[in-house]
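Here are the chains, one letter per residue:
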Amino acid sequence: MLIKVTQTLKGLKLFKLVVLLLTLPLPLIAQVNRNTPESIDVKRSRVSTASGRAVVVTANPLASDAALRTLEEGGSAMDAVITAQTVLAVVEPQSSGLGGGAFLLYWDQAGKSLYAFDGRETASAQVEENIWTTSNGTAVPWLPATRSLSAIGVPGTTALLWEGHRQFGRLPWKANFKKSIHLAQEGFIPSPRFLKSIALAKKIGVDHSPIFKSIYLPNGSFPSPNKPFRNKKLASTLKRIAKGGVNEFYRGEIANELIADLQFHQDSKKTIQTITSADLARYVVQRPRPLCRKYRSWQICSFPPPSGGGVAVLQALGIYELLSNRTWSEEAIGFWHLLAESLRFADADRSHWIGDPIDLPVPLEGLLEDDYLAKRANDIKIDKATFYPLPGEPKGSELLDFASQPRTAGGGTTHLVIVDLEGNVASYTGSVETVFGSRHVSGGMILNNQLTDFSFLSQVSGKPIANRVGSNKRPMSSMSPVIAFHEEHPVLALGSPGGWLIPHYITNALIRTLDLKLSPEEVVSRKLLSVQPNYTVLEKVGKWSSSNANIYEGLKSLGHKIKYNSFSSGLAIIYWNKGMWQGAADPRREGKAVSLQ
Ligand code: GLU
């Protein structure tokens, strides 16, 4: 429908299109639910690509250009991540920012080592397990929960950027804030997606947040699509962080203001559970070991728990490798069938076994062992779809008696990849969870609703759910930044937003890059496949290499129930090929790839 609308409007100027989109009945613009985390854009016909010795791909042109400038000024990939994330906080606040959290994988070329930085939001030390259950034990509805003060976890982004800078920054910390401060103060022309996201936020509820309305819906109307949009309060917060660093955010004025803002929204009996100054002061970035496993001749590294996405990508690849043929093209129905089945089996495990390891052990090694994956692959039928596969029983799970988490996901997220002139590589996913997070705002920053990524039920039939709410816990995430290696050299970095579907998008992209030898441009352009426990989802728009009908009929003959849907992936990919880095941004969003030759 939206495609038809845009086609008939081809000749109209961009701002007229935006105005029109904003006046369309909202269901035509987008929907938001736990499986479709952000708004869906019509695919652009041209993919943004760039190649060279250093490449940046982010979800927004202003952020990509600013990060590239940082590299030109002698900054490292880490400096460029800070520039990009702080600019995104201003120009793409619907997806990530300083009031949110992030995961970073960083390859240090000089030390030839890979590092993981976990800046995931954290629940209060005082939180009770039942914040998402009603008095009769049922789960509270998701949408109202996203705007509850209880959904706001201690933000981790600033601490992650600080820690990364301490180890890998080359420019002064402050220098990496110049561009974001300028954009917040002097303004920028809002992008169509930014405006559409405000419409979406309005649809899912902003009345609880007068500050959100005063910034993003001034006098009740949408910001003009052709006038600079400013957020002066955010400019002054950025200035303070640029000057005072991590302490300013977690122990200084910003922390005090954040807690005061949360208190202001408390009910008079103070019954809502929120984070406290002590929680902020105590926040630390976790430094887990990256999670790696071989896929054919590559070593694929992603993020360990509390990400369930990294485990899912590695499991799906491991199972797919055992059953597939590397010479298959997209014409082979086996490619689609086994991609779907591998993802469905991996999903069953992540909704059962993954939680924050500070609470109960995660049988991580067992989940990725060769024998275990061979057993899982054995349960997959080459000629028949399996619905509702059960989780497996990996080594290390003998003493754990969990229930599976009912399917959940949501999202306002961004992914960026950067390689600098020295060959340091960053793969970074940042999030505020739902579109514009909780829509609560403090210091001009969007505050996340990441604690709705916990399971809403803490137990089923007396068995605990691994990802239940808990003191100081980080909710399970689907975010799965990846860096892949060949003969110990980094050759590929990628990631995506997209809620629960993130590992699905990433597995699609990895197999297409590594087995099908497609370029980043082709990979981000191809149709994606995703799964639910009882059906397979094919993408509505985009290019198929084989006819739509063949794949549909082929999968149907194997018993797949098929639905067509649009996807809000935002793949960002860089790939080392023919002596240089090639980058591409997903045409489903507004990303841009830029490079230094
Ligand atoms: N909050 C989600 C997670 O951490 C990410 C949401 C999204 O990608 O849009 O899994």
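Here the structure is a predicted model, which means the values were calculated and not measured.

> For this particular structure, what's the right way to read the overall build of the protein chain?
A count of helices and strands for the protein chain gives 20 helices and 20 strands. Taken over the C-alpha trace, the protein chain has a radius of gyration of 22 Å; the compact-globule value for 597 residues is 25 Å, and the two agree within 12%. By its C-alpha atoms, the protein chain is 60 × 55 × 55 Å across when sized along the principal axes. Taking all 597 residues of the protein chain together, the buried fraction comes to 63%.

> Help me understand the packing of helix H14 (residues 309–323) against helix H17 (residues 370–378) in this model?
In helix packing, the relevant descriptors are the interaxial angle and the interaxial distance, both defined with respect to the helix axes. Running from N to C, H14 and H17 point in directions that differ by 65 degrees, and their axes come no closer than 9 Å. The orientation of H14 relative to H17 falls into the category roughly perpendicular. Where H14 crosses over H17, the two elements pack in a sense that is right-handed. Residues Leu-314, Gln-315, Gly-318, Ile-319, Leu-322 and Leu-323 of H14 form the contact with H17, whose own contacting residues are Tyr-372, Leu-373, Ala-374, Arg-376 and Ala-377. In terms of residue class, the contact of H14 with H17 is made up of eight nonpolar, two polar and one charged.

> Looking at this model, I keep getting lost on the sheet that holds strand E14 (residues 489–495). Mind explaining?
In any sheet, the strands associate via hydrogen bonds between backbone groups, in a parallel or an antiparallel arrangement. Read from one edge of the open sheet, seven strands run E1-E19-E18-E14-E13-E6-E5, paired in antiparallel fashion. Only two strands of the sheet have a single neighbouring strand rather than two, namely strand E1 (49–52) and strand E5 (291–295). Mean inter-strand twist for the sheet, computed between neighbouring axes without regard to direction, equals 20 degrees. Against the sheet, H14 engages E5 and strand E6 (298–302), with an angle of about 15 degrees to E5.

> Looking at this model, I keep getting lost on the nonpolar core. Mind explaining?
Within soluble globular proteins, side chains that are nonpolar generally end up buried alongside one another. Ranked by internal contacts, the top residues of the largest apolar core, which has 87 residues, are Ile-300, Leu-492, Leu-494, Leu-510 and Ile-574. The element best represented in this core is helix H15 (residues 333–353), accounting for nine residues. Not counting residues within four places of it along the chain, the set of residues in contact with Ile-300 comprises Leu-291, Cys-292, Arg-293, Tyr-295, Leu-314, Leu-317, Val-482, Ile-483, Ala-484, Leu-510 and Leu-514. Counting residues in hydrophobic clusters, the runner-up holds 77 residues, among them Val-81, Tyr-106, Phe-229 and Ala-426.

> Sorry, what's going on with the sheet that holds strand E16 (residues 535–539) here?
As summarised here, the arrangement of the three strands in space is E15-E16-E17, forming an open sheet in which the pairing is mixed. Looking at the sheet topology across the chains shown, the edges are occupied by strand E15 (529–532) and strand E17 (562–565). The average angle at which neighbouring strand axes cross in this sheet is 30 degrees, direction not considered. Summarising the sheet, E16 and E17 pair through four bridges and their orientation is parallel.

> Is there a simple way to think about the environment of Val-56 in this case?
Counting through the fold element by element, Val-56 comes out in strand E2 (residues 54–58). On the basis of relative accessible area, Val-56 is assigned to the buried category, the value being 0%. Considering only alpha carbons, one finds Val-56 and Pro-389, 333 residues apart in sequence, at a separation of 39 Å. Excluding anything up to four places from it in sequence, Val-56 contacts Ser-64, Ala-67, Leu-68, Leu-71, Val-417, Ile-418, Lys-592, Ala-593 and Val-594.

> Quick question: what am I supposed to make of the state of the cysteines here?
Disulfide: a covalent bond formed between the sulfur atoms of two cysteine residues. Per the counting criterion, the structure on display carries one disulfide. Disulfide partner of Cys-292: Cys-301, at an S-S distance of 2.1 Å. Judged by the sign of its S-S torsion, about 110 degrees, the cystine formed by Cys-292 and Cys-301 is right-handed. Relative accessible area serves as the criterion here: at 32%, Cys-292 is assigned to the partly exposed category.

> Looking at this structure, how should I read the pairing of E6?
Two faces belong to every sheet, and in a regular strand the side chains alternate between them. Judged by how many residues are buried, E6 sits mostly within the fold: four of five residues are covered. Where E5 lies against E6, five bridges are found, and the strand directions are antiparallel. Counterpart to Tyr-295 in the pairing with E6 is Trp-298.

> Explain the packing of aromatic side chains here, please?
We describe a pair of aromatic rings using the distance from one ring centre to the other and the angle between the two ring planes. Applying the stated criterion to the full structure yields 24 aromatic pairs. Arranged with centres 4.9 Å apart and planes meeting at 35 degrees, the rings of Phe-212 and Tyr-216 form a pair that is tilted. Residue Phe-212 and its partner Tyr-216 are located together in helix H10 (residues 210–216), separated by four residues, close to a single helical turn. Chaining the aromatic ring pairs together yields one cluster made of Phe-188, Phe-194, Phe-212, Tyr-216, Phe-229 and Phe-436.

> What is the right way to look at the side chain of Asn-449 in this model?
By the element assignment, Asn-449 lies in the loop between strand E10 (445–446) and strand E11 (459–460). On the basis of relative accessible area, Asn-449 is assigned to the buried category, the value being 0%. If we ignore the near neighbours within four places in the chain, the residues touching Asn-449 are Thr-146, Ala-151, Val-432, Glu-433, Thr-434, Gly-437 and Ser-438.

Analysis parameters
Residues numbered from 1 in each chain as written. Predicted model: local features only at pLDDT ≥ 70, side-chain atom pairs only at ≥ 80, totals over all residues. Heavy atoms only, no water. Helix = DSSP H or I, 4+ residues; strand = E, 2+ residues; numbered from the N terminus. Rg over C-alpha atoms; globule rule 2.2 N^0.38 Å. Buried < 20%, exposed > 50% of the residue type's maximum accessible area, 1.4 Å probe, protein only. Axes fitted to C-alpha atoms, helices over the stretch in contact; angles between N-to-C directions. Parallel < 35°, antiparallel > 145°, perpendicular 65-115°, else oblique. Left-handed = near helix turned anticlockwise from the far one by under 90°. Contact = heavy atoms within 4.5 Å. Nonpolar A, V, L, I, M, F, W, Y, C, P; charged D, E, K, R; others polar. Pairing = 2+ DSSP bridges. Core = buried A, V, L, I, M, F, W, Y, C linked by side-chain atoms within 4.5 Å. Disulfide = S-S within 2.5 Å. Phe/Tyr/Trp six-rings, centres within 6.5 Å; stacked < 30°, edge-to-face > 60°.

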